[in-house]
Amino acid sequence: MRILVLGGTVFLSRAVAAAAVAHGHDVTCAARGLSGTVPDGATLVHWDRAEQVPPELADAEFDAVVDVSRIPSHVRRAVGAFPDAHWTFVSTVNVYADSAVQGGTPATLPLLDPVETDEDPASGPETYGAMKVACENLVRAGAAAALVIRPGLIVGPGDPSGRFAYWPARFVQAATDGLPVLVPEPVNGPVQLVDVRDLAEWIVTAAQRGTTGDFDAVCPPLPRSELLAQVADGAAADPELVPVAPEALAEYDVRPWSGPRSVPLWAADLADAGFMTHDVTSSLAAGLTIRPFAETTRDTLAWLRATPDATVTGLTREEEQEVLAAVRG
């Protein structure tokens, strides 16, 4: 197959290109080429998607296109250029308007109203999700065949967010300094995530099969305690875990999800509301596979060791110990 990956230089799009090359496909990556390199075996065509389709692509034909954009005008232009291909559009679970439904599916969860103009996605998750809804609609309306995949938290080697990497790195620190690790209550609260390589492999095999429809792309709901046990296994560590109530975390300005002074993967009230409880039965039946997160941990640690400037978000070790000292009295 001739596959066009719109991107191909960073994290998921690069993993998709690498998986497609590994499957023996003819892979072209269209990107500005400013954020990294494409995998060996793929061809890079420079394209700033705010501009018109470059001549190298204008007359090209592709069997499949994979797009991860969040900008409606970029998607509109690309679908118009390659309407006859099988399109995979990588969306997000942020498209859902109601996060209060436990066990929701793409068939049961309502979507946000689309925002069809190019706004700043950093203005908030609703704006980001609403633009992704618009992008999904453009792909369904304009492509010969459309597969929409809605990931949650994508993790693994190369993750620029540093959210999952916080836990392997922290467990390795704990194995060295012997200090405890803070975990938010409830310790068995659900989490959902997906290894970038599992997602990329599914995207490529689904394109090969001509799969269409809408699917969420995360693991089945996993208790945080089980995820952390797998992280401990992968990190060869057995730290003391100290549960801390959300009220205490808020009192000491500890934030959920990501960023400074955060506990990554803790979704606070969103977890209880259903944000981390999507039913992915249909996705697994359609070919999504989930590797053990101990393996993801080992590979993430190897990547961190090889990448000195890799981002790890969240509480610093010093901040964490200060909070633990305060809550323990």
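Structure report, in brief. This structure is a prediction, so every number in the text was calculated from the model and none was measured.

Conventions used here
- Residues numbered from 1 in each chain as written.
- Predicted model: local features only at pLDDT ≥ 70, side-chain atom pairs only at ≥ 80, totals over all residues.
- Heavy atoms only, no water.
- Core = buried A, V, L, I, M, F, W, Y, C linked by side-chain atoms within 4.5 Å.
- Buried < 20%, exposed > 50% of the residue type's maximum accessible area, 1.4 Å probe, protein only.
- Helix = DSSP H or I, 4+ residues; strand = E, 2+ residues; numbered from the N terminus.
- Salt bridge = Lys/Arg side-chain N within 4 Å of Asp/Glu carboxyl O.
- Expected span 1.5 Å × (residues − 1).
- Polar contact = N/O pair within 3.5 Å; in protein donor to acceptor, adjacent residues only side chain to side chain.
- 1 Å grid on protein atoms, 1.4 Å probe; cavity = no way out; pocket = protein on both sides within 12 Å on 5 of 7 lines; lining within 4 Å.
- Points joined across faces, edges and corners; volume = space filled by probe spheres on them.
- Nonpolar A, V, L, I, M, F, W, Y, C, P; charged D, E, K, R; others polar.

Let's talk about the nonpolar core
Side chains of a nonpolar character, in soluble globular proteins, are inclined to be buried together. Formed by 37 residues in total, the largest nonpolar core has its most connected members in Trp 167, Phe 171, Leu 193 and Leu 227. Elements represented by at least two residues in this core include exactly β7 (153-155), α5 (166-177), β8 (181-184), α7 (224-235), β13 (241-244), α8 (246-251), α11 (293-306) and α12 (317-328). One finds Ala 19, Ala 42, Val 196 and Ala 206 within the second-largest nonpolar core, a separate group that totals 32 residues.

Some remarks on the pattern of salt bridges
A full pass over the atoms with the stated rule returns 18 salt bridges. Residues Arg 2 and Asp 26 are paired through a salt bridge, measuring 3.7 Å at the closest nitrogen-oxygen approach. Linking Arg 2 in strand β1 (residues 2-6) with Asp 26 in strand β2 (residues 26-31), this pair joins segments that are 24 residues apart in sequence. A relative accessible area of 32% places Arg 2 in the partly exposed class.

Regarding helix α6 (residues 196-209)
Here α6 spans 20 Å end to end across 14 residues, near enough to the 20 Å set by a 1.5 Å rise per residue. Those residues of α6 that fall on the buried side of the exposure criterion are Val 196, Asp 198, Leu 199, Ala 200, Trp 202, Ile 203, Val 204, Thr 205, Ala 206 and Ala 207. You can read the cap of α6 off the contacts: a side-chain oxygen lies 2.8 Å from the backbone nitrogen of Arg 197, and it is on Asp 195. A positive phi of about 75 degrees marks Gly 210, the residue just after α6.

Some words on empty space enclosed by the protein
Which parts of space are left empty comes out when a probe the size of a water molecule is rolled across the atoms. Under the definition given, this model contains one cavity of 30 Å³ or more. Within this model, the largest cavity holds a volume of roughly 50 Å³. Surrounding the largest cavity, Val 93, Gly 152, Leu 153, Gln 192, Val 218, Trp 257, Phe 275, Met 276 and His 278 form its lining. When grouped by side-chain class, the residues that make up the lining of the largest cavity number six nonpolar, three polar and no charged.

A few points about the layout of surface pockets
Considered as a void within the structure, the second largest pocket measures approximately 280 Å³ in volume. What lines the second largest pocket is a set of 14 residues, and nearest its centre among them are Thr 9, Val 10, Phe 11, Arg 14 and Gly 158. It is helix α1 (residues 11-22) that contributes the most residues to the lining of the second largest pocket, four residues altogether. Grouping the amino acids of the lining of the second largest pocket by side-chain chemistry returns seven nonpolar, five polar and two charged.

It is worth stressing that arrangement in space is one thing and function is another; only the former is reported here.
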